[in-house]
Amino acid sequence: MDARFAGAFPRWKRGTLPEFPEICFAGRSNVGKSSLINLLTSRKGLARTSSTPGRTQSLVVFEARLLRPGTGDRPLHLVDLPGYGWAKVPLSLKKSWAPMVRSYLAGNPLLRCCVLLLDPRRQPGEEDFELLELAEQEGFPVLPVVTKMDKVPKTRRAKELRRVAEALGLDSHEDLWPLSSSTREGVAELMEQLGEMVEE
Ligand SMILES: Nc1nc2c(ncn2[C@@H]2O[C@H](COP(=O)(O)OP(=O)(O)OP(=O)(O)O)[C@@H](O)[C@H]2O)c(=O)[nH]1
Ligand SMILES: [Mg+2]
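Residues numbered from 1 in each chain as written. Chains lettered and ligands numbered in written order. Predicted model: local features only at pLDDT ≥ 70, side-chain atom pairs only at ≥ 80, totals over all residues.

(A) Quick peek at the sheet that holds strand β4 (residues 74-80). Across the sheet, seven strands lie side by side as β1-β3-β4-β2-β5-β6-β7; this open sheet has mixed pairing. Across the chains shown, the open sheet's two edge strands, defined by having one partner strand only, are β1 (2-9) and β7 (177-178). Where strand β3 (residues 59-66) and β4 come together, seven bridges link them in antiparallel fashion. Across the sheet, V61 pairs through a bridge with V79, a residue of β4. Across the sheet, helix α5 (residues 187-199) is in contact with β2 (22-27), β3, β4, β5 (111-118), β6 (142-146) and β7; its angle to β5 comes to roughly 155°. (Pairing = 2+ DSSP bridges. Helix = DSSP H or I, 4+ residues; strand = E, 2+ residues; numbered from the N terminus. Contact = placed C-beta atoms within 7 Å. Axes fitted to C-alpha atoms, helices over the stretch in contact; angles between N-to-C directions.)

Written out as structure tokens, the structure reads:
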């Protein structure tokens, strides 16, 4: 998938952006949202990543192109949402997170899917549940991606995935998308699924 930076919005404003289908990426600060966007677009420095949580503090939009041989390319927007749940983030930013993200997610007819990134080493937090609740109200699909799987020893994989699935109230851990931006595990599968959701 080819991509370029299209805009950053401290408050959601569609402005002059063309109306393409959208996929957004949500999750705790430092969980790996920007890293995943870079992998999906095969552009290492496109979304800025950092070992310091709280790097992405606005809604960052990338214009991407799904390459479809034969039928022509499909333009879409990838939206990097600001991360949440980090204690060191200034209080003012913490307070602005919910309205900012809500202003984007609520009543958005272009949104095809929200990729919710989760860390296999922690319990889902308050904001993860807020997001799931909003998805239910608004009726947009959420793809729960468990990232940084390279950090989980093989022997504990199934156990941690089951724990996350249970916390989210999913029927089975098969409903989760395990992934690692380091080893690229799960990236191709996720890409394929997102492609299908954009086409629908
Ligand atoms: N081991 C490992 N590290 C990862 C993975 N994905 C991301 N990281 C690292 O985690 C750190 C945070 O990644 P980012 O992509 O910046 O996280 P983010 O979710 O965009 O963070 P915010 O912008 O603060 O919300 C960076 O040091 C990444 O290199 C992964 O799958 N495995
Ligand atoms: Mg980021």
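(B) Representation of the environment of D73 in the model. You can see D73 is positioned in the loop between β3 and β4. What D73 contacts, discounting residues up to four positions off in sequence, is R65, L66, L67 and R68.

(C) Structural detail: helix α1 (residues 33-40). Within α1, eight of the eight residues are buried, which leaves the element mostly enclosed by the surrounding structure. Buried residues along α1 sit in contact with β2, β3, β4, β5 and α5. Where α1 ends, the next residue or the one after it, S42, has phi of about 50°, a positive value. (Buried ≥ 20, exposed ≤ 12 C-beta atoms within 10 Å, placed from the backbone.)

(D) How the structure looks around the environment of F20. Within the secondary structure, F20 is located in the loop between β1 and β2. Here F20 falls in the partly exposed class, since 19 other C-beta atoms lie within 10 Å of it. Taking the C-alpha atoms as reference points, F20 and E63, separated by 43 residues in sequence, lie 8.7 Å from one another. Non-local contacts of F20, meaning those with residues more than four positions away in its chain, are made with P75, L76, H77 and L110.

(E) View of the pairing of β2. Counting buried positions over the six residues of β2 gives six, a clear majority of the element. Relative to β4, β2 is paired through four bridges, and the arrangement is parallel. In the strand pairing of β4, E22 is matched with H77. Note: β2 against β5, six bridges, orientation parallel. For A26, the partnering residue across the bridge sits in β5 and is L116.

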